[in-house]
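# Reading the structure
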Amino acid sequence: MKTAGSVRVVLNFAGFGLDVGNRCLWRAAVRVPLAPKAFDVLCHLAQRPGQLVTPGQLLEALWPGTYVQPEVLRRYILEIRKALGDPADAPRIVETVAKRGYRFVAPVTDWSLTPAPGAKRIVGRERDLRFLAESWERVKGGQRQLVFVSGEAGIGKTTLLEEFRRRTPDGDWLIGHCFAGFCSLEAYYPVLEALSQLARTRTRLAETLAKHAPTWLAQLPSLLQPGQRTALNQEIL
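### Focus: the overall build of the protein chain
Summing up its helical and strand segments, the protein chain has 9 helices and 8 strands in all. Residues counted as buried form 38% of the 237 residues belonging to the protein chain. Partitioning the contacts of the protein chain with sequence separation of at least 6, the portion at a separation of at least 24 is 53%. Carbon and sulfur atoms make up 55% of the accessible area of the protein chain, which totals about 14400 Å².

### Quick look at the packing of helix α1 (residues 36-46) against helix α3 (residues 70-84)
When two helices pack together, their arrangement is captured by the angle between the axes and the distance separating the axes. Viewed as axis vectors pointing N to C, α1 and α3 meet at an angle of 80 degrees, and their least axial separation amounts to 9 Å. The angle between the axes of α1 and α3 places the two elements in the roughly perpendicular class. Contacts from Lys37, Ala38, Val41, Leu42 and Leu45 of α1 reach α3 at Leu73, Tyr76, Ile77, Glu79, Ile80 and Leu84. A breakdown of the residues in the contact of α1 with α3 according to their chemical character gives 9 nonpolar, no polar and 2 charged.

### Things to note about the nonpolar core
One finds Phe13, Leu18, Leu25, Val41, Leu45 and Phe104 to be the most contacted residues of the largest nonpolar core, which totals 32 residues. Sorting the residues of this core by element identifies β1 (7-13), β2 (16-19), α1, α2 (55-62), α3 and β7 (101-104) as the ones contributing at least two each. Not counting the four nearest positions on each side in its chain, Leu45 is found in contact with Val53, Leu58, Ile77, Val94, Tyr102 and Phe104. By size, the runner-up hydrophobic cluster in this structure holds 11 residues, among which are Leu205, Leu209, Leu217 and Leu223.

### Concerning the sheet that holds strand β5 (residues 52-53)
What the 3 strands build is an open sheet, ordered β5-β7-β6; its pairing is antiparallel. Sheet topology places β5 and β6 (94-97) at the edges, where each strand pairs with a single neighbour. By the bridge criterion, 4 bridges tie β6 to β7 in an arrangement that is antiparallel. When the sheet's bridge partners are listed, Val94 is paired in β7 with Phe104. Contacts between α1 and the sheet are confined to β5, β6 and β7, with β7 contributing the most and set at about 65 degrees to the helix. Of the strands in this sheet, β6 and β7 are in contact with α3, which crosses β6 at around 145 degrees.

### Observations regarding the pattern of salt bridges
A full pass over the atoms with the stated rule returns 11 salt bridges. In this structure, the salt-bridge partner of Asp86 is Arg81, at a minimum N-O distance of 3.4 Å. Across the pair, exposure class does not vary: Asp86 and Arg81 are buried alike. Taken together, the shared-partner salt bridges in this structure form one network comprising Glu126, Glu163, Arg166 and Arg167.

### A word on the packing of α1 against α2
In the contact formed by α1 and α2, the axes pass within 11 Å of each other and the chain directions differ by 120 degrees. Of the possible angle classes, the one that applies to α1 and α2 is oblique. Crossing of α1 over α2 shows right-handed handedness. On α2, the residues that touch Lys37, Asp40, Val41, His44 and Leu45 of α1 are Gln57, Leu58, Ala61 and Leu62. Grouping the amino acids of the contact of α1 with α2 by side-chain chemistry returns 5 nonpolar, 2 polar and 2 charged.

### Quick notes on the pairing of β7
Here 2 bridges tie β5 to β7, and the two strands are oriented antiparallel to one another. Paired with Val53 across the bridge in β7 is Tyr102. The turn joining β6 and β7, which pair antiparallel and follow one another in sequence, is formed by 3 residues; a positive phi near 60 degrees is taken by Lys99.

Reading the values: the criteria
- Residues numbered from 1 in each chain as written.
- Predicted model: local features only at pLDDT ≥ 70, side-chain atom pairs only at ≥ 80, totals over all residues.
- Heavy atoms only, no water.
- Helix = DSSP H or I, 4+ residues; strand = E, 2+ residues; numbered from the N terminus.
- Buried < 20%, exposed > 50% of the residue type's maximum accessible area, 1.4 Å probe, protein only.
- Contact = heavy atoms within 4.5 Å.
- Areas by Shrake-Rupley, 256 points an atom, 1.4 Å probe, with all protein chains shown as cover.
- Axes fitted to C-alpha atoms, helices over the stretch in contact; angles between N-to-C directions.
- Parallel < 35°, antiparallel > 145°, perpendicular 65-115°, else oblique.
- Nonpolar A, V, L, I, M, F, W, Y, C, P; charged D, E, K, R; others polar.
- Core = buried A, V, L, I, M, F, W, Y, C linked by side-chain atoms within 4.5 Å.
- Pairing = 2+ DSSP bridges.
- Salt bridge = Lys/Arg side-chain N within 4 Å of Asp/Glu carboxyl O.
- Left-handed = near helix turned anticlockwise from the far one by under 90°.

Following this line, the structure appears as C-alpha cells:
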C-alpha cells in the first residue's frame, strides 16, 4: 500500500478507509485519531487479511533490532480496538488468537487506486501504453504474457499502470504488494495477497488450491472451512 505519483491507495473495511500513504484512518468523512505506532500495527494487520500474525512478526516488522516488551504491543491493540469500536469479546475487525497472535478478520471490500485531488492526466507515455495494450490483446487471444515495468523510484510506474487499467475495463486486476523487510518471512506474499483478492469472486478457488497447491491454501486461513485446517495439515505432512 503506497502513494506513488498522483495515485493514492486506500484500503476499505467495515466502514473505515485506511489511507496508508497519507497515514490517515477515516470513518465516512470523519478522521479517526490514532497514535503513529498503533497506526503502523493496524496497517500491518490490515495488509494481511485473514492471516495469523504472531507478536514476534509484528515486533520484527515494526521494531526491527529493538527489544520491545509484549505489553506495549497489547496496549496498541487496545488502542486500535477503541478507535474502531471493535470489542475483544466479539471482534469484527481484529481477532485475538489466544497465545498465538492476531488476525485481521474484516472483509476487505476494495483495494482502490484513485487519483489524488488535483491529479493531472499523464502525458508522453503513449508508446508504453500502446505496448501494454498490444500485450493485453495477445492475452485475450490465448497467448500468455509477462511484462515488467521498471525504472527508478518516482518515475511514474504506478501511474502508468493505473492509466492502463483505466483504459482496459475488460480486464480483471489482482494487486500484490512487496513490503520491505517482509520477504524474509514470506517470499510469495504478493502472490498470496493476489489470491486472497481472487477468492472474493472465485468461489471454487479453495478447491483448486487444495488440489494443486495445498501449502499455499494453508497460508490463506480465510478460505478454509471449519475442521478443514487439521485435515489439510495432515495431508501436507
